[in-house]
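# Understanding the architecture of this molecule
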Amino acid sequence: MSENENNENNKNNKNNPKREETRGKNRTGSQNKRSDKQSDKQSSSKLSIEDMASFCKRKGFVFPSSEIYGGMAGFWDYGPNGAELKNNIKNEWWKFHVQSRQDIVGIDGSIISNPKVWEASGHVSGFGDVMIACKKCGERVRADVLIEEAKGIQCDGLTAEDLGKIIQENQITCPKCGAFAWEEPKVFNLLFKTHVGAVEGEKSVAYLRGETAQIIFSEFKNVFEVSRLKLPFGIAQMGKAFRNEIAPRNFLFRCREFEQMEIEYFIHPEKKNDCPFFEEVKEEKLLVYSAEMQEKGTEAEQMTAREALEKGIIQSPWHAYWLATELRWFKRLGAKPENFRVRQHAKEELAFYSSDCWDLEYKFPFGWKELQGIADRSDYDLRQHTEHSGKDHSIFDEEMKMRVMPNVVAEPSLGVDRSFLVFMYDAFDDNKERGNIVLHLHPKLAPIKVAVLPLVNKLNGKATEVYNSLKEKFVCFYDKSGSVGRRYARMDEIGTPFCVTIDFDTLEQEDVTIRDRDTTEQARVKISELKEVLSKLLEGEITIEDLK
Ligand SMILES: [Zn+2]
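Below is a short write-up of the structure. Source: prediction; values computed, not measured.

### Points about the environment of Glu139
- You can see Glu139 is positioned in the loop between β4 (128-133) and β5 (140-142).
- Distance from Glu139 to Cys174, taken between C-alpha atoms, is 7.7 Å for residues 35 residues apart in sequence.
- Ignoring anything within four residues of it in the chain, the contact list for Glu139 reads Ala133, Cys134, Cys174, Lys176 and Cys177.

Right under this line is the structure:
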């Protein structure tokens, strides 16, 4: 639930309407400079988020929504290449987190549900940001963003009243007209309202879901009864969520409509330190930034998940396990480990029901930002739904022979759109030698796997034959226009791992050239073996070198 996509912590926001974005405390200044220095070699760190947005538009990944009518802030449309990449990210997430595990099952809930779900969860009463309006020009801004941008003061966990006081004390003026004439700050609810049925009125009000998590909780009893799960277990869901953000920004990072990939992981309340999977990930290296390090102003430290746990920096093996597991998911799909760190929430950032929370963060061009919050949510949500629905959400634990209210020890909650940005940034290479951009996307994520290119138009017949033999098995693209060099460059720019070129020798020898995106190395392969060779190349079982 923390949902991340747009607000990361929103769950926390619910009782604590403010946090979120401010919490990326490091969003500016020195932090950025340091990171730039560290990664001078990576062209990705130099690409601003605006430049990334324009690249994504140019190459058919993402367009501003309804652009022909002037667009709509906080909404984006995925184009042909973006839709493929996004689907690939979701498929890989589902395979890794649901299909390849016995302890996690998935659901696909509705976007609109009975509004009581959102009353029970606390979203109707307290899911919001604090907004403040200028009496002179009418400008509306988020109070925490105003303070942070004007004074660099951290506002995590502050109430509307606190924020109003800081603005008054520091005489912070309107960024638009310069006046110092603010209305009282107000909490602005982020839930999108709609009406269900033919008659609009109080009784027909419903909400677009503000996070996917609550559907996991409201379906908890049904899922548990049919799936024969035993504690510990998780329930996963991917899908759209909506937040009426006051200030959507940073391209896909903070949108009003976004997509989440979430797990609620339930354990026996007396087994908080018993994580049966920890061994699998204990040697995973993490860049750890604890609350203490943040307080003392020291640097984040590299250590294994095991060391972090043994030193008591990460206290729960479940947190260590999920942080390492999530990092592992990103890494296996080609993300660069040096751009990730795990950061502990300071005390004042924690929601009242949460005993500890760690975020997996990524180094965006606008600072280290949350990708995923791993909060301990205790039994808060199941208790809320028990109370509001009158239906008992406790379960019988066979092993301990007792009834318990399961605790959510972790809720790995990841934004699809943020993950999309991560993979784009870590793949992006403005390759001066080639004179074009090369997107080094992992083959599993690449929108197009294989391009089929006839050297000249005369070879269309043979090339079409080859294309037809591959298209059922791989997402293929057929391109016959322009020089071969230009066609290679176009494929590099959208991340196509392999190009298959048909030349005059093909007619004689029944073989083709395969060209590797990352190295530009080429090898000849018999058409009869092409499908199998491409499969192995895409799976990483062989490299182009092995074919020479
Ligand atoms: Zn103003």
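### Focus on the packing of helix α7 (residues 143-151) against helix α8 (residues 160-169)
- Relative to each other, α7 and α8 sit at 35°, their axes nearing to 10 Å. Relative to α8, α7 is oriented so that their crossing is left-handed. Between α7, through Ala143, Asp144, Leu146 and Ile147, and α8, the contact on the second element is made entirely by Leu163, Ile166 and Ile167.
- Tallied by class, residues from the contact of α7 with α8 come to six nonpolar, no polar and one charged.

### Overview of unusual backbone geometry
- The amide bond that connects Leu231 to the next residue, Pro232, takes the cis arrangement and shows omega of -5°.
- Relative to the helices and strands, Pro232 is located in the loop between α10 (220-227) and β9 (233-242).
- Of note in the backbone geometry, Asn250 takes a positive phi value of approximately 55° without being a glycine.
- Looking at the element boundaries, Asn250 is found in the loop between β9 and β10 (257-267).

### Observations regarding helix α18 (residues 484-494)
- Within α18, the full set of buried residues consists of Arg487, Tyr488, Met491, Asp492 and Ile494.
- Packed against the buried residues of α18 are α4 (80-99), β21 (436-439), β22 (450-454), β24 (498-502) and β25 (511-516).
- Two residues or fewer after α18 comes Gly495, characterised by a positive phi angle close to 85°.

### What about the environment of Leu421?
- Structurally, Leu421 can be placed in helix α16 (residues 416-427).
- Linking Leu421 and Lys59, residues 362 residues apart in sequence, is a C-alpha distance of 14 Å.
- When near neighbours in sequence (up to four residues on either side) are disregarded, Leu421 contacts Leu252 and Phe253.

### Observations regarding the pairing of β21
- Inspection of the sheet shows strand β20 (residues 428-431) paired to β21 by four bridges, in the antiparallel sense. Paired with Asp430 across the two strands is Ile437, which belongs to β21.
- Hairpin geometry of β20 and β21 is characterised by an intervening segment of four residues between the two adjacent antiparallel strands and by a positive phi of about 75° at Gly435.

### Looking at the nonpolar core
- Membership of the largest hydrophobic core comes to 106 residues, with the highest contact counts inside it found for Leu323, Phe423, Ala451, Val452 and Val500.
- Top contributing element to this core by residue count: helix α14 (residues 317-332), with nine residues.
- Built from parts of two domains, this core gets at least three residues from each of domain 1 (10-127 + 190-425) and domain 2 (448-547).
- Beyond its immediate sequence surroundings of up to four residues, Phe423 is in contact with Ile89, Leu333, Gly334, Ala335, Leu441 and Leu445.
- Grouped together as the second largest cluster of nonpolar side chains are 17 residues, Ile132, Ile147, Leu158 and Ile172 included.

### Side note on the sheet that holds strand β6 (residues 186-189)
- Taken together, three strands build an open sheet; the order of strands is β5-β4-β6 and the sheet is antiparallel. Every interior strand has two partners, whereas the edge strands, β5 and β6, have only one. Here the average twist between neighbouring strands, direction ignored, is 45°.
- Sheet topology places β4 next to β5; three bridges connect them, and they run antiparallel. Bridge assignment links Ala133 to a residue of β5, and that residue is Arg140.
- Each of β4 and β5 is contacted by α7, which is oriented at about 75° to β5, the strand it contacts most.

### Observations concerning the sheet that holds strand β23 (residues 476-478)
- The sheet built from five strands is open, its strands ordered β23-β22-β24-β25-β26 with mixed pairing. This sheet does not close on itself; its edge strands, each paired only once, are β23 and β26 (522-526). Pairs of neighbouring strands in the sheet enclose a mean axial angle of 25°, with direction left out of account.
- Those strands touched by helix α20 (residues 527-539) are β22, β24, β25 and β26, and its axis lies near 130° from that of β26.

About the cut-offs
Residues numbered from 1 in each chain as written. Predicted model: local features only at pLDDT ≥ 70, side-chain atom pairs only at ≥ 80, totals over all residues. Helix = DSSP H or I, 4+ residues; strand = E, 2+ residues; numbered from the N terminus. Contact = placed C-beta atoms within 7 Å. Axes fitted to C-alpha atoms, helices over the stretch in contact; angles between N-to-C directions. Left-handed = near helix turned anticlockwise from the far one by under 90°. Nonpolar A, V, L, I, M, F, W, Y, C, P; charged D, E, K, R; others polar. Buried ≥ 20, exposed ≤ 12 C-beta atoms within 10 Å, placed from the backbone. Pairing = 2+ DSSP bridges. Core = buried A, V, L, I, M, F, W, Y, C linked by C-beta atoms within 7 Å. Domains from an automatic or database assignment.

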